[in-house]
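Topology and contacts: notes
What follows is each chain in one-letter form.
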Amino acid sequence: RNMPTRKVPKDLIVLLQALASYTLTIETRSGTLIHGVLESVDKNMNVTMSQVTIDAGSETFPSLFLSGRHIVFVHLPEHMDIREQIDSYERRNGR
């Protein structure tokens, strides 16, 4: 059976790719909070993280893969200039 793929706005994916190496918190569909260092994001918004804690430290893992379909919300650092992060990422990657 051919499952439809969820379209994620390109700017959102580019923003998350620009945040590689930043510490973020991701909220999942089940309400779980995952905190860690963002290592990578692919075109389907699947993420790989390191130094991961789940639900305020009740569980810890050296690394974690999270399917994009489970991501509801990404908590960004408050001090971050989002436009600058995207522009910087695009300059580094020739976009």
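Residues numbered from 1 in each chain as written. Predicted model: local features only at pLDDT ≥ 70, side-chain atom pairs only at ≥ 80, totals over all residues. Heavy atoms only, no water.

**Some remarks on the pairing of strand S4 (residues 59–66)**
In terms of strand pairing, strand S3 (residues 47–54) meets S4 through seven bridges, oriented antiparallel. Each bridged residue has a counterpart across the sheet, and for Thr48 the counterpart in S4 is Phe65. With antiparallel pairing between neighbouring strands as the criterion, S3 and S4 make up a hairpin whose turn holds four residues, including Asp55 at a positive phi of roughly 50°. (Pairing = 2+ DSSP bridges. Helix = DSSP H or I, 4+ residues; strand = E, 2+ residues; numbered from the N terminus.)

**Here we look at the sheet that holds S3**
Strand order in the open sheet made by the five strands is S4-S3-S2-S1-S5, with antiparallel pairing throughout. This sheet does not close on itself; its edge strands, each paired only once, are S4 and strand S5 (71–75). Ignoring which end each strand starts from, the neighbouring axes of this sheet average 35° apart. (Axes fitted to C-alpha atoms, helices over the stretch in contact; angles between N-to-C directions.)

**Digging into the pattern of salt bridges**
Any two side chains of opposite charge can pair, on the condition that their charged atoms come close. Evaluated as defined, the whole model comprises one salt bridge. Between Arg91 and Glu84 there is a salt bridge; the shortest N-O distance is 3.1 Å. The partly exposed category is assigned to Glu84, whose relative accessible area is 36%. (Salt bridge = Lys/Arg side-chain N within 4 Å of Asp/Glu carboxyl O. Buried < 20%, exposed > 50% of the residue type's maximum accessible area, 1.4 Å probe, protein only.)

That's the geometry; what it means functionally is another story.
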